[in-house]
Amino acid sequence: MANRTNASLQKIHHEDSHSQSDLTNDADANQGTPVSDKKGKKMGTFKKWISDRLGSGSGTGTDEKSANKAIGKKMAGYAKQRSIRMLLLGAGGSGKSTVLKQMHRAYDGSGGGDNVDDEKKYETSIPPHAIQNMHKNIVMDICDLCKQYLIFMKNGIEDIPKFSNSSSELETLATSVAQNFDLVTEPHLSMAFAKDVATLWNTDTLKAVFEVRKKSHVMDNTPYFLDRVVQFAAPDYQVTFDDYVRIRDQTIGVIESKFEVHDGMNRNIKLDIIDVGGQRAERRKWLQVFDGIHLVIFVMSLSAYDQVLFEDHTTRCLDESLSLFQKTVHNKAFKSTDFVVFCNKCDIFEEKIKTVPFTVYNAEWSEDDKHDGDKVTQWIQQQFRDRFVNKSNDFSIKYADNGGGDQEEAKEDIQTSNARTKQRNLHFHITCATDMKQIDKVLTFIIFDSIRNILNKSALI
């Protein structure tokens, strides 16, 4: 992975090599010149090239000294910096932590290699406690489903079929799991319990419960784990990277990860990736990490258009993502910061949109296009673009009946927001964070683009 990343970054700087060709030609023209003179001429040419890039002109004397001094300061600042601080943001359940896991695999030095299909290359990026976390996910999911079954039966939900009369043992088992299993005292997934889980999961009853429950609880990978529960309970089972990226981890507090990559010009660039909890209770901690950020990666779930928040069943997940993005993007700390939106879980979205129409989210959506994934994706991206430009979605409503003065205020507000967009960019990537090959390409592009932007702002390319 490291070799592929370096090769990709080197391609990026190809066009800049043309810009530096004058420097090479000057150096070649001075063959036979004493080393000290040759060095002085090269430095003078380099400063002139930089000076032209900075728009300092080709003046002499005091002007040239001032320009050279300014160039020196910029170069010294870049030499000290030579790092990229990225902030990972997104609502809970968006797949943000999975993106960070992929970064660890790709850039922490333990998972690098040329063959991304070789699972063994990534074993060292899997923490030793992964098997315990996997078992915990399985136990939590089956307990949750059994509890929901009892609630549905109590409330007389007709869409949920009861266990058949011949399956009274299953009814007893589901009740026992819901009421008696304690994660604190029984965190281990024994083989006997795994077989019970498999038996319950393979009933139409629990599958129907899952179809309802997943709309208000992040259970995207529940089928993956419950379908293989007996295999995962084996004492000698080794967690694979495919398993690891699907383990649901709730980010608590602020997690800072540091990596190092080559920028394609024989220099090492430090990546400082900051991941903060996406749940509402965690967001008060966001402000402490907003300063000095070069790029914000905002992760949202495409497949959550029919879901509501786990912590607030009155708020839809897509609405929460849009609102959160709008509030974040207009924070003063990010007035010149680029944003990248990961439209994540595209694999789940592509399957869901075939059977769950987009009209469940937008009642005014065209009946002809309610299963058109491409048009839905384009519409969602446009919602993010609108919020990137505007601080508020309802300027026209807010100022419609309040006279000319307020309308002028609204116009000024919009112009201010538009001015901000000139200092920064918004990009989109359709992602499946569990797909190693796809996410590798996206991360490589983002890192190279961030390096280029930093160099551009430093006037060094």
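Residues numbered from 1 in each chain as written. Predicted model: local features only at pLDDT ≥ 70, side-chain atom pairs only at ≥ 80, totals over all residues. Heavy atoms only, no water.

Chemist: Which parts of the structure should I look at to understand the pairing of strand β4 (residues 295–301)?
Modeler: On a regular strand, each side chain points to the face opposite its neighbour's, so the side chains alternate between the two faces of the sheet. Most of β4 is tucked away, with seven of its seven residues classed as buried. The pairing of strand β1 (residues 83–90) with β4 spans five bridges and is classified as parallel. By the bridge assignment for β4, L89 is matched with F298. As judged from the seven bridges shared by β4 and strand β5 (residues 338–344), these two strands associate in the parallel manner. Its bridge partner lying in β5, L295 is registered against D338. This β-α-β element, β4 to helix α14 (residues 317–329) to β5, shows right-handed connectivity. (Buried < 20%, exposed > 50% of the residue type's maximum accessible area, 1.4 Å probe, protein only. Helix = DSSP H or I, 4+ residues; strand = E, 2+ residues; numbered from the N terminus. Pairing = 2+ DSSP bridges. Right-handed = clockwise from strand over helix to strand, strands pointing away.)

Chemist: Can you help me understand the packing of aromatic side chains in this one?
Modeler: Geometry of an aromatic ring pair is reported as the spacing of the ring centres plus the angle between the planes. Summed over all chains, the structure comprises 19 aromatic pairs. Here W365 and W379 contribute two aromatic rings whose centre-to-centre distance is 5.9 Å and whose plane-to-plane angle is 75°, an arrangement assigned as edge-to-face. Placement of the pair is W365 in the loop between α15 (346–355) and α16 (373–389) and W379 in helix α16, with a sequence separation of 14 residues. One aromatic cluster in this structure is built from F298, F325, F334, F339, F384 and F388. (Phe/Tyr/Trp six-rings, centres within 6.5 Å; stacked < 30°, edge-to-face > 60°.)

Chemist: What is the right way to look at the packing of helix α7 (residues 130–155) against helix α8 (residues 168–180) in this model?
Modeler: A packed helix pair is summarised by two numbers, namely the angle formed by the two axes and the spacing between the axes. In the contact formed by α7 and α8, the axes pass within 8 Å of each other and the chain directions differ by 115°. The angle between the axes of α7 and α8 places the two elements in the roughly perpendicular class. Relative to α8, α7 is oriented so that their crossing is left-handed. Contacts from I142, C143, C146, K147, Y149 and L150 in α7 reach E171, A174, T175, V177, A178 and Q179 in α8. Class assignment for the residues of the contact of α7 with α8 results in eight nonpolar, two polar and two charged. (Axes fitted to C-alpha atoms, helices over the stretch in contact; angles between N-to-C directions. Parallel < 35°, antiparallel > 145°, perpendicular 65-115°, else oblique. Left-handed = near helix turned anticlockwise from the far one by under 90°. Contact = heavy atoms within 4.5 Å. Nonpolar A, V, L, I, M, F, W, Y, C, P; charged D, E, K, R; others polar.)

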